[in-house]
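As a plain string of letters, each chain reads:
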Amino acid sequence: MDYRWPDEYLAFRDEVESFIHEWRTPELLAEQRELEGAPGPLSRKYYEALQKKGWMRMCWAKEMGGDGRDPLYQFILVETMEYWRMPYGNLTFTSVAPSIAQYGTEGQKAAYLPGIWNGELTFAIGYSEPNAGTDLASLRTKGEKVDGGWKVNGQKIWTSLAAHSTHIWLATRTDPDAKKHQGISVLIVKTDSPGVTIRPLQTVSGLKTYETFYDDVFVPDEDVLPPLHGGWSIIMHALNHERVGLSPTSNLARNYDVLVEYLQKNAPHKLADPVVRNRLAELRVELQRHRALAIRNAVTIARGAIKPGEASMAKISGSELRYRITTLAMDIAGRAGGLARDDARSIEGGLIQNNYLASPILRFGGGTNEVQRSIIATRHLGMTR
Amino acid sequence: MNPDLSETQSLLQTTMRQYLETEIPFDRVREHEEKRVADAELWKAMAGQGWLGIPLPETVGGGGAGLVEAGIFVHELARRAVVVPGAEVMTAAVMLARHADGDESEILAALVDGNAIVVPAHLEAADDLEKVDAAVDAEGRLAGAKHYVDYADFATHHLVTARGTEGLGLYLVERSAPGVSTEALRSTGRTPQAIVTYRDVPARRVAGEAAVGQLIDLARTFASTQILACMEVSLEQTVAYTNVRVQFGQPLAAFQAVQHHAANMCMHVESSRFLVYELLDALEDGRASSDDAALVKASLSRAVPEVTMLGHQLHGGQGLIEENDLYFFTIRGKDRALAWGSAEECLAILARDVETPPRWL
């Protein structure tokens, strides 16, 4: 037992922080907002610099082209980047690339990995369907075998970044006769393939997501991840890679810090109010409770152990605290706390208000918190199913 | 960053747990609780096991271990709800061993053997941990009253916070000295507690003002450790009960609403475990501040009613009957939530500095 972060981890945190301060310009942030995290000209340069640092793959095994570092470095990278709201690799880096590296053919690795590293290729994730959300295995987008490949028909929803991506990582039912979890394959589909239609959906937090439609889309055999019909385990594997930093504390703490700074500068009388100070003290307690669950989960994953209950606890705790911390911060700030990010008078670009509106997605996304609670009960506590 | 017990620490945990579960049936706990007297026999047995000196130097016969190990000791005793001053004596022992001005080897050796039992006596009628009126005069005579003193009568000595000619400090007082009288209290936790009055009692100064803050931090941390144990067992008993209790043709545990209550209990337990042991580990080498100890106490004091009351909700009437063991952890947990600073008192401490950015790594 030793709860200290060893010096080399703290040195890494400092290195990431100085890198952030070098690159975090208003222009880059504006571009990121506009493109919802997809690479534009500035972020390509930024990603190039990030790639040179070697952080995107530092925790991968050496034989997969990584640096074999302890995944706690990834945790520190995520926490530090998240505090400053800096992009550090979307699902293309955290899910698609590791899956290609682990499951892909030599041809697929050669075709996609270099392009991902230099930012030319970006993937949108095509998992959810109108009738397959948390119950993902009931997906119905189907692939029919045709000469040299597959003919795909169906519909996906929440295909975030689709309009800015070169490819879609598409979960497809390739064997309609197999059981629910079997008979699914992962197909790599070019977004400009004939038959792919992308329709934007506006979300309440200001972010766009997309619906994607597939009408007789041809996907060549070489773009099907092996094993054929064995896609479910790839999907699960991909989700696992997100989990070391799945629910950061830092971006929650940032709301707190932004609020306190605002009060110090603009409403010192509120900060002097003992009732307000007590509320802030409560938030400090809640942040530490969440930090405990987030680190506990990261340490387990870093050791290569699998405890789904711990990941579920971190996910629930972070997503529900996001709502509580932002609603309380808005209440304390008052009317100014309600100004949206497209109002120049908003607090820190409307960060708190935006996080408030964005909080629902984290509660229901990635497996609803209700499902997570059942996972804790059955798999962590051993309650009867 | 390693939040798990070492092999030696796990061994201590397992050994104590097995010993207490085998040797101390809950009915024995009920007996002592009813009479509100400490389990002297268990105390003697623990001295025999060498557990009373866990964090004390080997030179006095102690185990030479740290606060994490002392925490495991407190944790395991609280898991069995036994009526002994584990947390109190550990607090006093660590203060005497690490923060005393002079050499306290003699009394420490007696503590290890179980011949001396020292408990802190700090809080006064004002119920304010920062307000001390008890006074020691130039002749070294103590006058004053201490309230809510845990195990005051089982102790051989009290470690009393008082104001002397050299300022605030900690004083050692013999329980049997003439002029010491006690008045028993009936607390929620059903463990022995008393108001102690000191009239012209000889008192020996053992530590100065800085030690008073350290005493509170340490006692507060051990109280948090006790709360953790109460939540843990309440959850374990609830899971076990809902797995076997059948209604509407299926175990309660199979109902999602029941599972979700249990998951909420579990999140409190798991975050609390991390926070308590992180604090013990940090106190060991002086990394923890008083704010850290207050934060953890606020967190656990808020969590324990949530957890134990959900435990009752899922047990139904069965959990309210005193023949069931659940209630031990409900009452002890709430009692410790009030001890050494309630959630409200600890939040007030945190509220003094809300400007420092919270930790996130």
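What you see is a predicted model; the values in this text were computed from it and never measured.

### Digging into the overall build of chain B
For step 1, the next point in the chain: Looking only at helices and strands, chain B has 11 helices and 10 strands in total.
For step 2, the next point in the chain: Since a compact globule built from 361 residues should have a radius of gyration of about 21 Å, the 20 Å found for chain B is in line with a globular shape.
For step 3, the next point in the chain: Taking the principal axes of its C-alpha atoms as reference, chain B extends roughly 75 × 50 × 40 Å.
For step 4, the next point in the chain: Taking all 361 residues of chain B together, 60% fall into the buried category.
For step 5, the next point in the chain: For chain B, long-range pairs separated by at least 24 residues make up 73% of all intrachain contacts whose partners lie at least 6 apart in sequence.
For step 6, the next point in the chain: Counting every atom, chain B has about 13900 Å² of accessible surface; 49% of that belongs to carbon and sulfur.
For step 7, the next point in the chain: Each charge class in chain B can be summarised by its mean position, and for the 30 positive and 52 negative side chains these summaries are 5 Å apart.

### So, the pairing of strand β7 (residues 208-220) of chain A
Residue and element names in this part refer to chain A.
For step 1, the next point in the chain: Examined bridge by bridge, strand β3 (residues 149-156) and β7 share seven bridges and lie antiparallel to one another. From the neighbouring strand, glycine 149 faces β7, where its bridge partner is proline 220.
For step 2, the next point in the chain: The pairing of strand β6 (residues 196-202) with β7 spans seven bridges and is classified as antiparallel. Across the sheet, threonine 197 pairs through a bridge with phenylalanine 213, a residue of β7.
For step 3, the next point in the chain: In textbook terms, the turn of a hairpin is the stretch between consecutive antiparallel strands, and for β6 and β7 this stretch comprises five residues, one of which, glycine 206, has a positive phi near 100 degrees.

### Observations concerning the domain arrangement of chain B
All names here are of chain B.
For step 1, the next point in the chain: Looking at chain B, the domain boundaries give domain 1 (7-116), domain 2 (119-207) and domain 3 (211-350).
For step 2, the next point in the chain: Between domain 2 and domain 3, the contact holds 17 residues from the first and 15 residues from the second.
For step 3, the next point in the chain: Of the roughly 1300 Å² buried at the junction of domain 2 and domain 3 (both faces included), carbon and sulfur atoms supply 65%.
For step 4, the next point in the chain: Summed over the shared surface of domain 2 and domain 3, the number is two salt bridges.
For step 5, the next point in the chain: A salt bridge links arginine 190 to glutamate 322, with the nearest nitrogen and oxygen atoms 2.8 Å apart.
For step 6, the next point in the chain: Counting across the interface, domain 2 meets domain 3 through four residue pairs in polar contact (both at pLDDT 80 or more).
For step 7, the next point in the chain: Contributing elements (two or more residues each) for the side of domain 2 that touches domain 3: β4 (157-164) and β5 (167-174).
For step 8, the next point in the chain: Element by element, the count of residues in the side of domain 2 that touches domain 3 is highest for β5, at three residues.
For step 9, the next point in the chain: Within the side of domain 2 that touches domain 3, the residues separate by chemical class into six nonpolar, eight polar and three charged.

### A word on the pattern of salt bridges
For step 1, the next point in the chain: Applying the stated rule across the entire model yields 48 salt bridges over all chains.
For step 2, the next point in the chain: Between arginine 296 of chain A and aspartate 4 of chain B there is a salt bridge; the shortest N-O distance is 2.8 Å. Of the two residues, arginine 296 of chain A sits in helix α10 (residues 274-302) while aspartate 4 of chain B sits in the segment before α1 (7-23), which places them in two different chains.
For step 3, the next point in the chain: A salt bridge links glutamate 33 of chain B to arginine 332 of chain B; the shortest N-O distance between them is 2.8 Å. Linking glutamate 33 of chain B in helix α2 (residues 26-35) with arginine 332 of chain B in helix α10 (residues 326-338), this pair joins segments that are 299 residues apart in sequence. Assigned by exposure class, glutamate 33 of chain B and arginine 332 of chain B land together as buried.
For step 4, the next point in the chain: Residues joined in a network through salt bridges with shared partners are Asp2 and Arg4 of chain A together with Asp281, Asp285 and Arg287 of chain B.

### Notes on helix α11 (residues 343-350) of chain B
For step 1, the next point in the chain: Burial in α11 of chain B covers these residues: Ala343, Cys346, Leu347, Ile349 and Leu350 of chain B. When α11 of chain B is viewed along its axis, its buried side chains cluster within an angular range of 155 degrees and face the same direction.
For step 2, the next point in the chain: In the core, the buried residues of α11 of chain B are packed alongside α10 of chain A together with α7 (209-244), α9 (290-315) and α10 of chain B.

### So, the side chain of histidine 260 of chain B
For step 1, the next point in the chain: Along the chain, the position of histidine 260 of chain B falls in helix α8 (residues 256-284).
For step 2, the next point in the chain: We classify histidine 260 of chain B as buried; its relative accessible area is 16%.
For step 3, the next point in the chain: Within the structure, histidine 260 of chain B has its side chain in polar contact with the backbone oxygen of glutamate 370 of chain A (distance 3.1 Å).
For step 4, the next point in the chain: If near-sequence neighbours (up to four positions away) are discounted, histidine 260 of chain B is found in contact with Glu370, Arg373 and Ser374 of chain A.

### Some thoughts on the nonpolar core
For step 1, the next point in the chain: Judged by nonpolar contacts, the single largest core of 213 residues is most densely connected at Met81, Ile116, Trp169 and Leu280 of chain A together with Phe73 and Leu159 of chain B.
For step 2, the next point in the chain: Ignoring sequence-local partners within four residues, the contact set of methionine 81 of chain A consists of Val16, Phe19, Ile20, Tyr46, Leu50, Trp55, Met86, Pro87 and Tyr88 of chain A.
For step 3, the next point in the chain: Trp150, Val196, Tyr210 and Val217 of chain A belong to the second-largest nonpolar core, a separate cluster that totals 14 residues.

### Side note on the pairing of strand β2 (residues 142-146) of chain A
Residues and elements named next belong to chain A.
For step 1, the next point in the chain: Pairing analysis gives five bridges linking β2 to β3, with the strands arranged antiparallel. In the strand pairing of β3, lysine 142 is matched with asparagine 153.
For step 2, the next point in the chain: Hairpin connection between β2 and β3: a loop of two residues separates the two successive antiparallel strands, and glycine 148 in this loop has a positive phi of roughly 80 degrees.

### Concerning the layout of surface pockets
For step 1, the next point in the chain: Approximately 710 Å³ is the volume attributed to the second largest pocket.
For step 2, the next point in the chain: Taken together, 29 residues make up the lining of the second largest pocket; nearest its centre are Gln288 and Arg291 of chain A together with Glu278, Asp292 and Arg359 of chain B.
For step 3, the next point in the chain: Those elements giving two or more residues to the lining of the second largest pocket turn out to be α1 (7-23) and α10 of chain A together with α8 and α9 of chain B.
For step 4, the next point in the chain: Its residues placed into classes, the lining of the second largest pocket shows 15 nonpolar, three polar and 11 charged.

### Thoughts on unusual backbone geometry
For step 1, the next point in the chain: Proline 226 of chain A connects to proline 227 of chain A through a cis peptide bond whose omega is -5 degrees.
For step 2, the next point in the chain: Along the polypeptide, proline 227 of chain A turns up in the loop between β7 and α7 (231-241).
For step 3, the next point in the chain: The backbone of alanine 81 of chain B sits at a positive phi, close to 60 degrees, despite the residue not being glycine.
For step 4, the next point in the chain: Classification of alanine 81 of chain B by relative accessible area gives buried; the value is 2%.
For step 5, the next point in the chain: The residue tyrosine 151 of chain B is not glycine, and still its phi comes out positive at about 60 degrees.
For step 6, the next point in the chain: Residue position: tyrosine 151 of chain B is located in the loop between β3 (141-150) and β4.
For step 7, the next point in the chain: What makes tyrosine 151 of chain B buried here is its relative accessible area of 3%.

### Describing the environment of tryptophan 23 of chain A
All names here are of chain A.
For step 1, the next point in the chain: Residue position: tryptophan 23 is located in helix α1.
For step 2, the next point in the chain: The partly exposed category is assigned to tryptophan 23, whose relative accessible area is 23%.
For step 3, the next point in the chain: Expressed as a C-alpha distance, the spacing of tryptophan 23 and glutamine 288, which sit 265 residues apart in the sequence, is 29 Å.

### Thoughts on the interface of chain B and chain A
For step 1, the next point in the chain: Between chain B and chain A, the residue contacts involve 54 residues of the former and 54 residues of the latter.
For step 2, the next point in the chain: Summing both sides of the interface, chain B and chain A together bury roughly 5000 Å²; the carbon and sulfur share of this comes to 62%.
For step 3, the next point in the chain: For chain B, the biggest contributors to the area lost against chain A are Met1, Trp360 and Leu361 of chain B; these three give 20% of the whole.
For step 4, the next point in the chain: Counting across the chain B and chain A interface gives six salt bridges.
For step 5, the next point in the chain: Here arginine 4 of chain A makes a salt bridge to aspartate 285 of chain B, at a shortest N to O gap of 3.9 Å.
For step 6, the next point in the chain: Across the chain B-chain A interface, the total number found is 27 residue pairs in polar contact (both at pLDDT 80 or more).
For step 7, the next point in the chain: Contributing elements (two or more residues each) for the side of chain B that touches chain A: α7, α8, α9 and α11 of chain B.
For step 8, the next point in the chain: Here the element with the most residues in the side of chain B that touches chain A is α8 of chain B; it accounts for 18 residues.

### Concerning a nonpolar patch on the surface
For step 1, the next point in the chain: Taken together, the side chains of Ile361, Leu362 and Phe364 of chain A make up a nonpolar region of the molecular surface, amounting to roughly 290 Å² of accessible area.
For step 2, the next point in the chain: The exposure class assigned to phenylalanine 364 of chain A is partly exposed, which follows from its relative accessible area of 48%.

Calculation criteria
- Residues numbered from 1 in each chain as written.
- Chains lettered and ligands numbered in written order.
- Predicted model: local features only at pLDDT ≥ 70, side-chain atom pairs only at ≥ 80, totals over all residues.
- Heavy atoms only, no water.
- Helix = DSSP H or I, 4+ residues; strand = E, 2+ residues; numbered from the N terminus.
- Rg over C-alpha atoms; globule rule 2.2 N^0.38 Å.
- Buried < 20%, exposed > 50% of the residue type's maximum accessible area, 1.4 Å probe, protein only.
- Contact = heavy atoms within 4.5 Å.
- Areas by Shrake-Rupley, 256 points an atom, 1.4 Å probe, with all protein chains shown as cover.
- Lys, Arg positive; Asp, Glu negative; His and termini not counted.
- Charge placed at Lys NZ, Arg CZ, Asp CG, Glu CD.
- Pairing = 2+ DSSP bridges.
- Domains from an automatic or database assignment.
- Buried area = accessible area lost by both parts, 1.4 Å probe.
- Salt bridge = Lys/Arg side-chain N within 4 Å of Asp/Glu carboxyl O.
- Polar contact = N/O pair within 3.5 Å; in protein donor to acceptor, adjacent residues only side chain to side chain.
- Nonpolar A, V, L, I, M, F, W, Y, C, P; charged D, E, K, R; others polar.
- Arc of directions from axis to C-beta.
- Core = buried A, V, L, I, M, F, W, Y, C linked by side-chain atoms within 4.5 Å.
- 1 Å grid on protein atoms, 1.4 Å probe; cavity = no way out; pocket = protein on both sides within 12 Å on 5 of 7 lines; lining within 4 Å.
- Points joined across faces, edges and corners; volume = space filled by probe spheres on them.
- Patch = residues over 30% accessible without salt bridge, like charges linked within 9 Å, V, L, I, M, F, W, Y side chains within 5 Å.

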